[in-house]
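Read off the chains here:
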Amino acid sequence: MKNYLVLLLCVSQFSCQAQEKKKKEPLEIQKSEAQWKKELTPEQFEVLREKGTERPFSGKYVNTFEKGNYVCAACGNLLFNSDAKFHSDCGWPSYDKAIKGSVTYITDSSFGMSRTEVNCAKCGGHLGHVFDDGPTETGQRFCTNSVSVKFIPSKK
């Protein structure tokens, strides 16, 4: 029995090490933090590069419901269509789905919580978090910092 436990521990250790060595796909846009700092406003840098959060109800797009698209403020990657936006009363712009392939998801266990962080798939910029409490048929609520996105209105 003792040998069995030792064997089981060894196998699980090697399995975990193998998983840790998996390489992430390289981002399409790679810049140094110094480059990002030059290109972004201090608020954008804090959110997009340092995973900060803007104050609730302070963002430019909390109550924007015009037709158009939302792109990453750092790299211009198309993230959300305005048809996915809804009023959520959470204090940040909310969407029920992202454009397919436009974002990546990372488990975030900071501050004693278990959440899913959402990043731009092109530059890795932090956008916000996604929760499974959305009111639409997707059941998702992408809680997104206004400073991490830019709204491009539809042409009339």
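**Quick notes on helix H3 (residues 42-49)**
Taken as a whole, H3 has its buried residues at Gln44, Phe45, Val47 and Leu48. Looking at the buried residues of H3, the elements they touch are helix H2 (33-39), strand S1 (68-72) and strand S7 (126-131). Count one or two residues on from H3 and you reach Lys51, which has phi positive near 60°.

**With respect to the packing of aromatic side chains**
One pass over the structure, following the stated rule, counts seven aromatic pairs. Here Tyr70 and Phe151 contribute two aromatic rings whose centre-to-centre distance is 4.9 Å and whose plane-to-plane angle is 45°, an arrangement assigned as tilted. Here the residue Tyr70 occupies a position in strand S1, and Phe151 occupies one in strand S9 (residues 149-153), the gap between them amounting to 81 residues. Note on Phe80 and Phe142: the rings are 5.6 Å apart at their centroids and 65° apart in plane angle, and the pair reads as edge-to-face. Here Phe80 is found in strand S2 (residues 78-81), whereas its partner Phe142 is found in strand S8 (residues 141-144), with 62 residues between them in sequence. The pair formed by Phe80 and Phe142 is uniform in burial state, with each residue classed as buried.

**Some points on the sheet that holds S8**
Backbone hydrogen bonds hold the strands of a sheet together, and the pairing may be parallel or antiparallel. Strands sit in the order S3-S4-S8-S7-S6-S5 across an open sheet of six strands; the sheet is antiparallel. The open sheet has two edge strands, strand S3 (85-86) and strand S5 (103-108), and neither has a second partner. Relative to S8, S7 runs antiparallel, the two sharing four bridges. Paired with Val130 across the bridge in S8 is Phe142.

**Things to note about the side chain of Asp96**
By the element assignment, Asp96 lies in the loop between strand S4 (94-95) and S5. Lys97 is the oppositely charged side chain nearest to the buried, salt-bridge-free Asp96, at an N-O distance of 5.3 Å. Not counting chain neighbours up to four residues away, the residues in contact with Asp96 comprise Ala84, Phe86, Thr136, Thr138, Gln140 and Phe142.

About the criteria used
- Residues numbered from 1 in each chain as written.
- Predicted model: local features only at pLDDT ≥ 70, side-chain atom pairs only at ≥ 80, totals over all residues.
- Heavy atoms only, no water.
- Buried < 20%, exposed > 50% of the residue type's maximum accessible area, 1.4 Å probe, protein only.
- Helix = DSSP H or I, 4+ residues; strand = E, 2+ residues; numbered from the N terminus.
- Contact = heavy atoms within 4.5 Å.
- Phe/Tyr/Trp six-rings, centres within 6.5 Å; stacked < 30°, edge-to-face > 60°.
- Pairing = 2+ DSSP bridges.
- Lys, Arg positive; Asp, Glu negative; His and termini not counted.
- Salt bridge = Lys/Arg side-chain N within 4 Å of Asp/Glu carboxyl O.

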